[in-house]
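Topology and contacts: notes
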Amino acid sequence: MEQQNRGHMARQVTPAYDRNGAQLYVGDCVEVMAALPAESVDAIVTSPPYAMQRKATYGGIPEAEYPAWTVAWMNEARRILKPDGSVIINIRPHIKNGQISDYVLRTRLAIRGRGWTECEEMIWNKKSGAPMGSTKRPRRSWESLLWFAKHGRPYSDPKAGGRESAWSGTPSKFKDGHTHNLQLTSWAGRSRVADVVDMSVRLAADSDGTTDHPAPFPWQLAEWCGKLITPPGGTILDPFNGSASTGVAALRNGWNYIGIDAVPEYIEMSGRRLDHEAGKEAA
Ligand SMILES: C[S@@+](CC[C@H](N)C(=O)[O-])C[C@H]1O[C@@H](n2cnc3c(N)ncnc32)[C@H](O)[C@@H]1O
């Protein structure tokens, strides 16, 4: 840690919003994170801009630069995360020239190359997600939730946010070779929560009518991820705040929230959304 902080020159940043256990900052996330204290955040749940796919609205990062760009913000994330803290990144590649673009793969390897442990890849099954790519291919309706930690045993509570899967262990032999006799067993303390989270993308738009962002994820998705990696009463951060979906999840679960976005209008909108959310709680 000492080595990581050497030469770190923190500049003061002032939150544009600071109430209801939440702080919102306008600015580049690397610069704002650089001003936050070391080891002060438990968890990061975020959906960064995908390479050039929202160029017209809030900009994008060319595919060739995406791994280095990600490593830069992950470096700051590492400094502000507590030792047991971790990051969940929601991302998907797109089809380019008939092929799945490789920038997500390259980015994952680049993050690992900087010493992060990639704990798991989980799946957000969007159900109602828009079709992607050619009509001659199956419709892709899922996105990745990539979980990176400072080491291989980060804080986690896999049962906090999910239904336990119905069985665990290896089923015993089937005499007839078929699976219809499968005995489902649930072993207390041994079963696992599924690594696929089903969630309609429509939830994002319908959540409370206060969001007006081109690419929100449902706050329920942020909640699922947050419950996995945020201890009770902990602090969760989203460096690509958008409409503060992660913030809504934080307010609903008693976590402190820090949101950062480069676009001032999104931060203003997020403040209104969090006030609305806090009002609902108070009512
Ligand atoms: C995919 S959206 C996040 C949406 C968010 N998960 C939600 O539910 O509303 C990515 C956001 O990152 C912001 N952004 C892009 N580059 C940024 C940067 N360098 N620093 C901070 N925010 C940035 C964009 O303005 C955009 O709102």
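Residues numbered from 1 in each chain as written. Predicted model: local features only at pLDDT ≥ 70, side-chain atom pairs only at ≥ 80, totals over all residues. Heavy atoms only, no water.

**Points about the site of the ligand**
Cut-off, in case you're wondering: In this text, near means that some heavy atom of the residue lies within 4 Å of the molecule or strand in question. Residues adjacent in sequence count toward polar contacts only when both atoms are side-chain atoms; beyond that, a polar contact is any pair of N or O atoms within 3.5 Å, and within protein one must be able to donate a hydrogen and the other to accept it. Using the Shrake-Rupley algorithm and a 1.4 Å probe, accessible areas are obtained, with residue cover drawn only from the displayed protein chains. For this scheme, ten residues count as nonpolar: Ala, Val, Leu, Ile, Met, Phe, Trp, Tyr, Cys and Pro. Four count as charged, namely Asp, Glu, Lys and Arg, and the remainder, Gly too, count as polar.
Around the ligand, the structure places 20 residues, and the nearest of them are D28, H213, S243, S245 and D261. In this structure, D261 approaches the ligand through a side-chain N or O atom, which is 2.7 Å from an oxygen atom. Here A262 contributes a backbone N or O atom positioned 3.1 Å from a nitrogen atom of the ligand. When the ligand is considered free in solution it has 610 Å² of accessible area, and contact with the protein chains removes 95% of it. When the residues that make up the shell around the ligand are grouped by side-chain class, the tally is 11 nonpolar, seven polar and two charged.

**Here's the deal with the pairing of strand β4 (residues 81-91)**
Quick reminder of the rule: In this scheme, a residue with accessible area under 20% of its type's maximum is buried, one over 50% is exposed, and one in between is partly exposed, where area comes from a 1.4 Å probe on protein chains only. Under the scheme used here, helices are H or I runs from DSSP no shorter than 4 residues and strands are E runs no shorter than 2 residues, and both carry numbers assigned from the N terminus. For two strands to be treated as a pair, DSSP must find no fewer than two bridges joining them.
Counting buried residues along β4, eight of its 11 residues qualify, which places the element largely inside the surrounding structure. Bridging between strand β3 (residues 41-46) and β4 involves five bridges; their strand directions are parallel. The residue bridging A43 from the neighbouring strand is S86, located in β4. Bridge count between β4 and strand β8 (residues 142-149): six bridges; the pairing is antiparallel. Each residue of the ladder has a partner; that of V87, found in β8, is F148.

**Section: helix α3 (residues 66-80)**
What sets the pattern is the α-helix's 3.6 residues per turn: residues three or four places apart point alike. Operational definition: For a helix, the expected span equals 1.5 Å multiplied by the residue count minus one.
If you check α3, its first and last C-alpha atoms are 22 Å apart, about what 15 residues at 1.5 Å a residue would give, namely 21 Å. Of all 15 residues in α3, 11 are buried, a share of seventy percent or more. If you check which residues of α3 are buried, you get Y66, P67, T70, V71, W73, M74, E76, A77, R78, R79 and I80.

**A few points about the sheet that holds strand β2 (residues 22-26)**
The following threshold applies: Geometry is summarised by axes, namely lines fitted to C-alpha atoms with helices restricted to the contacting stretch, and by angles between N-to-C directions that run from 0 to 180 degrees. Any two residues whose heavy atoms approach within 4.5 Å are treated as being in contact.
In space, the nine strands of this open sheet follow the order β1-β2-β11-β10-β3-β4-β8-β7-β9, with mixed pairing throughout. Looking at which strands have only one partner, the edges of the open sheet turn out to be β1 (17-19) and β9 (196-198). Neighbour-to-neighbour, the strand axes of this sheet turn through a mean angle of 15°, independent of strand direction. Relative to β8, strand β7 (residues 117-125) runs antiparallel, the two being bridged by eight bridges. In the sheet register, I123 faces β8, and the bridge partner there is S144. Across the sheet, α3 touches β3, β4, β8 and β10 (235-238), and the angle it forms with β4 is around 150°.

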